[in-house]
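# Breakdown of the fold
Given next are the chains, with one letter for each unit.
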Amino acid sequence: MLAAGAGTSLIIEVAQYILGRGQADVDDLICNTLGAMLGYCLCMLFISLVGKRWKTAGAYALLPVLSIVALASVFFTYYLQPYGNLEDAPIYAADTKGVEWVLECALSDELGPSGVYWTEPFTTESCDAFAIDFLGRQGAEINFGSPDVNYYDNSTFYSDHRTYSLIVNHNDRSYEYTDFRVDSDLRYSDKGGTITEDELRTTLEMLGIDVPDAAQFVTVDEERGEYAFQAECVVEDGVLTAGELTCHIAEGGILYEVDNSLSVSTLHGDATVISSQEAYNRLCAGRFSWQDVPMFNYLKPNQVRVTACVLEYMVDSKGFRQPVYVFTLSDDRDAELRGGNGWTTFVPALSGS
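Summary of the structure given here. (Residues numbered from 1 in each chain as written. Predicted model: local features only at pLDDT ≥ 70, side-chain atom pairs only at ≥ 80, totals over all residues. Heavy atoms only, no water.)

### Considering the packing of helix α1 (residues 2-19) against helix α2 (residues 26-50)
The relative placement of two packed helices comes down to the angle between their axes together with the axis-to-axis distance. To be explicit about the condition: Every axis in this analysis is a line fitted to C-alpha atoms, fitted for helices over the stretch in contact. Angles between the N-to-C directions lie between 0 and 180 degrees. A helix here means a DSSP run of H or I that spans at least four residues, while a strand means a run of E at least two residues long, and both kinds are numbered starting from the N terminus. It is the rotation of the near helix from the far one that decides the hand of a crossing: anticlockwise by less than a right angle makes it left-handed, clockwise makes it right-handed. The contact criterion used is simple: two residues touch if any of their non-hydrogen atoms lie within 4.5 Å.
Following both chains from N to C, one finds α1 and α2 inclined at 145 degrees, their axes separated by 8 Å at the closest point. The element α1 and its partner α2 pack so that their crossing is right-handed. Residues L2, G5, A6, S9, L10 and E13 of α1 touch α2, and the partners they reach there are D28, L29, N32, T33, A36 and M37.

### Observations concerning a negative patch on the surface
Short version of the rule: Residues enter patches when their relative accessible area tops 30% and they take part in no salt bridge; the joining distance is 9 Å for like charges and 5 Å for the nonpolar side chains Val, Leu, Ile, Met, Phe, Trp and Tyr. Note on areas: Shrake-Rupley with a 1.4 Å probe; residue coverage comes only from the protein chains shown. Here, a salt bridge means any side-chain nitrogen of Lys or Arg that lies within 4 Å of a carboxyl oxygen of Asp or Glu. In summary, the charge assignment counts Lys and Arg as positive and Asp and Glu as negative, without counting His or the chain termini. Charge positions are represented by NZ for Lys, CZ for Arg, CG for Asp and CD for Glu.
The grouping of E205, D210, D213, E236 and D237 at the surface amounts to a negative patch. The topology assignment puts D213 in the loop between α6 (197-206) and β8 (216-221).

### Side note on the packing of aromatic side chains
Let me state the cut-off plainly: Each aromatic pair joins two rings of Phe, Tyr and Trp (for Trp, the six-membered one) with centres within 6.5 Å, and gets the label stacked for planes under 30 degrees apart, edge-to-face for over 60, and tilted for any other angle. We call a residue buried when its accessible area falls under 20% of the maximum for its residue type, exposed when it is over 50%, and partly exposed in between, using a 1.4 Å probe and counting protein chains only. Whether a charge sits over a ring depends on NZ of Lys or CZ of Arg being within 6 Å of the ring centre and within 35 degrees of the ring normal.
Under the defined criterion, the tally for this structure stands at 14 aromatic pairs. Measuring from ring centre to ring centre gives 5.1 Å for F134 and Y177, while their planes differ by 75 degrees; the resulting arrangement is edge-to-face. With F134 in helix α4 (residues 124-136) and Y177 in strand β7 (residues 175-179), this residue pair connects regions lying 43 residues apart in the sequence. Judged by its relative accessible area of 3%, Y177 falls in the buried class. Each residue in the set F122, F130, F134, Y175 and Y177 is aromatic and connected to the rest through ring pairs, giving one cluster. Between the NZ or CZ atom of R173 and the centre of the ring of F122, over which it lies, the distance is 3.9 Å. Over the face of the ring belonging to Y78 we find K318, whose NZ or CZ atom lies 4.7 Å from the ring centre.

### Structural notes on α1
Going by this rule: In a helix, the anticipated span is given by 1.5 Å times the number of residues less one. Throughout, the arc means that of the directions going from the helix axis to the C-beta atoms.
Compared with the 26 Å implied by 1.5 Å per residue over 18 residues, the 26 Å span of α1 between its first and last C-alpha is a close match. Among all positions in α1, only G5, S9 and E13 are buried. Seen end-on, α1 carries its buried residues on one side only, within an arc spanning 50 degrees. Residues of α1 that are exposed and angled more than 90 degrees away from the buried face: A3, I11, I18 and L19. Contacts made by the buried residues of α1 are with α2. Just past α1, the residue G20 takes up positive phi, approximately 70 degrees.

### Things to note about the nonpolar core
The condition that has to hold: By nonpolar core we mean a set of buried residues, namely Ala, Val, Leu, Ile, Met, Phe, Trp, Tyr and Cys, connected to one another through side-chain atoms within 4.5 Å.
Among the nonpolar cores identified, the biggest contains 30 residues, and L135, Y158, L166, L204 and L245 are the most heavily contacted of them. Considering every element that reaches this core, the biggest residue donor is α4, with four residues. Residues in contact with Y158, not counting those within four places in the same chain, are C127, D128, A131, L135, I142, F144, D148, V149, Y164, S165, L166 and V168. Within the second largest apolar cluster, 27 residues are counted, among which are V273, F296, V306 and Y325.

### A look at α4
Taking 1.5 Å per residue, 13 residues should reach 18 Å; α4 reaches 18 Å between its end C-alpha atoms and fits that length. For α4, the set of buried residues is C127, D128, A131, F134 and L135. Within α4, the buried residues cover an arc of 135 degrees as seen down the axis, which keeps them to one side. For α4, the secondary structure elements touched by its buried residues are β4 (149-151), β5 (155-159), β6 (164-169) and β7.

### A short note on the pattern of salt bridges
Applying the stated criterion to the full structure yields six salt bridges. The closest approach of N and O atoms between E104 and R305, which form a salt bridge, is 3.0 Å. On the criterion of sequence distance, the pair formed by E104 in the loop between β1 (100-103) and β2 (111-112) and R305 in strand β14 (residues 303-315) is long-range, its members being 201 residues apart. Judged by relative accessible area, E104 falls into the partly exposed class, the value being 43%. The closest approach of N and O atoms between R282 and E278, which form a salt bridge, is 3.2 Å. Of this pair, R282 and E278 both sit in helix α7 (residues 276-284), four residues apart, which is roughly one turn of that helix.

Honestly, that's just the spatial picture; any functional story needs more than this.
Written out as structure tokens, the structure is:
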């Protein structure tokens with residue numbers, strides 16, 4: 001069975017690699033083989049128990065028991081760790097051998113400002129309560145049930161497909177709202193409306209959206225009617241304000257879309273933060289967001305310029321806002337691949353992460 005399970009999976013993965021269909025992955029080979037063996041052991045365990053062959057049953061029970069213990073250990077370890085996992089945190093190192101790193105920004109050997117911040121995440125119940133209040137201010141009602149409400153692991157989608165659309169992310173309490181009552185010709189027009197900061201604050205207040213004082217009003221694109229309130233990790237008296245609240249305005253000063261990822265968090269506890277120099281050393285060693293690993297493993301840049309390094313905060317899987325160092329990078333393929341712009345990646349900033 002081991003040979004059959006591993007061999008069948010190997011044939012599938014090799015075929016995927018040769019044909020370019022799907023993604024050939026050694027993890028799939030391991031997991032498929034383990035799944036085949038677990039299925040085999042459970043079937044033989046049942047047969048052995050029916051035949052009252054107790055010693056044989058004990059042997060076949062060994063792999064399922066060990067798998068259960070291993071899986072339980074993963075969940076127990078996660079439960080005990082003080083903070084959650086960052087979604088795109090490094091899981092393996094990129095191949096940065098042969099890369100020439102050019103540093104074009106100032107770094108420090110001093111430890112970063114300590115602190116992890118917290119905003120209570122939404123539960124399914126509190127998310128529903130928020131949506132009822134938010135949409136009620138627009139004169140809309142939620143018909144709970146499919147297809148108007150869809151619950152996912154960490155988000156909920158509300159829409160009656162005529163009046164509104166509201167997507168809420170539980171962990172960071174961000175949301176996207178669209179008012180379908182505004183004529184689509186206005187919503188999809190390249191020409192937007194104009195609005196002043198005071199007018200926009202008043203409109204948002206009517207929707208129940210409180211704009212923190214630390215957030216600055218910005219005209220993103222006046223021609224398209226895009227305005228925002230932004231805060232770049234402002235910390236005052238143990239309160240972190242970070243993110244952006246983007247609003248789209250149609251002609252006549254009508255607000256029809258809100259994308260709110262502007263958050264206010266309180267200090268949860270002190271935590272040692274590595275220096276920007278140490279973060280740079282980890283960057284050069286390939287220990288950065290796994291999403292950017294292919295940039296090095298497959299494109300293999302000869303030289304990478306590091307043009308900026310800033311300390312920001314990202315929401316983890318438990319709702320904490322952890323510090324990370326965000327690096328802006330650039331190479332000789334910016335014009336070809338990125339419209340002349342560089343790209344960013346991050347290195348977790350908590351000591352020991």
